[in-house]
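# Descriptive structure summary
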Amino acid sequence: MDHVDNDVLGGCCRVLSIQSHVVSGYVGNKSATFPLQVLGFDVDPVNSVQFSNHRGYGFCQGQVLNSNDLEVLYKGLKSNNINHYSHLLTGYIGSKSFLMAVKDVILDLKKTNSKLTYVCDPVMGDHGKLYVPEELLSVYKEHIIPNADIVTPNQFEAEILTGVKITDIDSAKVAIEKLHNMGAKTVVISSSDLGSDEILIGLASTTTGKRPMSLRIDIPKFPGEFRGTGDLFTATLLAWTWRHPDDLKVD
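Residues numbered from 1 in each chain as written. Predicted model: local features only at pLDDT ≥ 70, side-chain atom pairs only at ≥ 80, totals over all residues. Heavy atoms only, no water.

## Description of the overall build of the protein chain
- Helix and strand content of the protein chain: 7 helices and 11 strands.
- A compact globule built from 251 residues would reach a C-alpha radius of gyration of about 18 Å, and the protein chain, at 17 Å, matches this within 12%.
- A total of 251 residues make up the protein chain; the buried ones form 47% of that total.
- For the protein chain, the accessible area works out to roughly 12,600 Å², and carbon and sulfur atoms hold 53% of it.
- One way to put it: in the protein chain the 23 positive side-chain charges average out to a point 4 Å from where the 29 negative ones average out. (Helix = DSSP H or I, 4+ residues; strand = E, 2+ residues; numbered from the N terminus. Rg over C-alpha atoms; globule rule 2.2 N^0.38 Å. Buried < 20%, exposed > 50% of the residue type's maximum accessible area, 1.4 Å probe, protein only. Areas by Shrake-Rupley, 256 points an atom, 1.4 Å probe, with all protein chains shown as cover. Lys, Arg positive; Asp, Glu negative; His and termini not counted. Charge placed at Lys NZ, Arg CZ, Asp CG, Glu CD.)

Written out as structure tokens, the structure is:
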């Protein structure tokens, strides 16, 4: 495999990745870190939770970290002047206090680097079911999405963030527009129920680059149940939007 260095991707590529960690399996940081490294990024992972395995199993043990845990880690980075990043990536977060601390990290990182790109996967649930505390929703709506450059909700997450019930492409576009109005420059609905047994439909829209652009992506479905694919998708989207910032279609 050819090495892709930082110069190919446009300079210093350093990511602070704040999301889940599991001992067994590949979700969260374990799904995102290696692909980003292969694409030339230096990745500093911070774990929002530390679980034995993902919640798809019948039993899960571990720790949900709080605001103090994140504040202590970030203070260490800042005190040593090593809090310089081109990107911030966030995924699954298990507590309201931790998510509020993430807001403070976002704002401080953007003071350090005004060109920082914040990619937010607002992991809250799927198929009509929340798997984080409901109190996180208001934090995402009021504090996180308004500071995000790129957001990658699934259909359910887009619905609860915007209050729009997505039943077809037109209603999905309404939800996307609401997310733009909340502050996100690029919105990707990473999966939806709008396709068929063979096709999963994703939708994307950006207001950046040379001109606004909207896309529909038809993704072939494979039999089986897979975990961590959304985390992988968001990580690779981060990488390729960095490489092609003016053309979402190329990504």
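From this point, the narrative continues.
## Focus: helix H1 (residues 29-38)
- Those residues of H1 that sit buried are Asn29, Ser31, Ala32, Thr33, Pro35 and Leu36.
- Structurally, H1 contributes buried residues whose contacts are with strand E1 (14-22), strand E2 (42-51), strand E4 (87-90) and helix H7 (229-243).
- Residue Gly40 follows H1 closely and has a positive phi angle near 100°. (Contact = heavy atoms within 4.5 Å.)

## A look at the pattern of salt bridges
- All chains considered together, the criterion is met by 8 salt bridges.
- The shortest N-O distance in the salt bridge between Asp149 and Lys110 comes to 3.6 Å. Here the residue Asp149 occupies a position in the loop between helix H4 (136-144) and strand E8 (150-151), and Lys110 occupies one in helix H3 (residues 96-112), the gap between them amounting to 39 residues.
- Owing to a relative accessible area of 11%, Asp149 belongs among the buried residues under this scheme.
- For Lys110, a relative accessible area of 25% corresponds to the partly exposed category.
- In this structure, the salt-bridge partner of Asp218 is Arg216, at a minimum N-O distance of 2.8 Å.
- Overall, the relative accessible area of 43% leaves Asp218 in the partly exposed class. (Salt bridge = Lys/Arg side-chain N within 4 Å of Asp/Glu carboxyl O.)

## Regarding the packing of aromatic side chains
- Applying the stated criterion across every chain yields a total of 0 aromatic pairs.
- In this arrangement the basic side chain of Arg14 is found over the ring face of Tyr85, its NZ or CZ atom lying 4.3 Å from the centre.
- Lys30 extends its terminal NZ or CZ atom over the ring of Tyr26, reaching a point 4.9 Å from the ring centre. (Phe/Tyr/Trp six-rings, centres within 6.5 Å; stacked < 30°, edge-to-face > 60°. Lys NZ or Arg CZ within 6 Å of the ring centre and 35° of its normal.)

## As for the packing of H3 against H4
- Here H3 crosses H4 at 10°, and the two axes come no closer than 9 Å. Regarding the angle of H3 to H4, the classification is roughly parallel. Side by side, H3 and H4 meet where Lys96, Leu99, Met100, Val102, Lys103 and Ile106 of the first sit next to Leu136, Val139, Tyr140, His143 and Ile144 of the second. (Axes fitted to C-alpha atoms, helices over the stretch in contact; angles between N-to-C directions. Parallel < 35°, antiparallel > 145°, perpendicular 65-115°, else oblique.)

## Quick look at the nonpolar core
- The biggest cluster of nonpolar side chains holds 48 residues, and the ones touching the most others in it are Leu16, Val102, Tyr118, Tyr140 and Ile144.
- Here this core takes 7 residues from H3, the largest share from any one element.
- Leave out the neighbours within four places in its chain, and Ile144 touches Leu99, Val102, Lys103, Ile106, Tyr118, Cys120 and Val139. (Core = buried A, V, L, I, M, F, W, Y, C linked by side-chain atoms within 4.5 Å.)

## Some points on the sheet that holds strand E3 (residues 62-64)
- A sheet is described by the order of its strands in space; here 9 strands give the open sequence E3-E2-E1-E4-E5-E8-E9-E10-E11, paired in mixed fashion. A strand with exactly one partner marks an edge of an open sheet, and here the two such strands are E3 and strand E11 (213-220).
- Direction of pairing for strand E9 (residues 186-189) relative to strand E10 (residues 199-206): antiparallel, over a ladder of 4 bridges. Bridge pairing links Val188 to Ala204 in E10.
- Its contacts with the sheet place helix H6 (residues 169-182) against E9, E10 and E11, and it is angled at close to 35° to E10. (Pairing = 2+ DSSP bridges.)

## Overview of the pairing of E10
- For E10, the buried fraction is high: 6 of the 8 residues fall into the buried class.
- Two strands pair when backbone bridges link them, and E10 and E11 are joined in this way by 8 bridges, in the antiparallel orientation. Each bridged residue has a counterpart across the sheet, and for Ala204 the counterpart in E11 is Leu215.

## A word on the side chain of Asp231
- With respect to the helices and strands, Asp231 occurs in helix H7.
- One buried charge, Asp231, has no salt-bridge partner; the nearest side chain with opposite charge is Arg227, at 9.6 Å.
- Excluding residues that lie within four positions of it along the chain, Asp231 makes contacts with Gln19, Val27, Gly28, Ser31, Ala32 and Asp121.

## Structural notes on the environment of Glu225
- Among the secondary structure elements, Glu225 is positioned in the loop between E11 and H7.
- On the accessibility criterion, Glu225 (62% relative accessible area) is exposed.
- Residues Glu225 and Val43 lie 182 residues apart in sequence; the distance between their C-alpha atoms is 28 Å.

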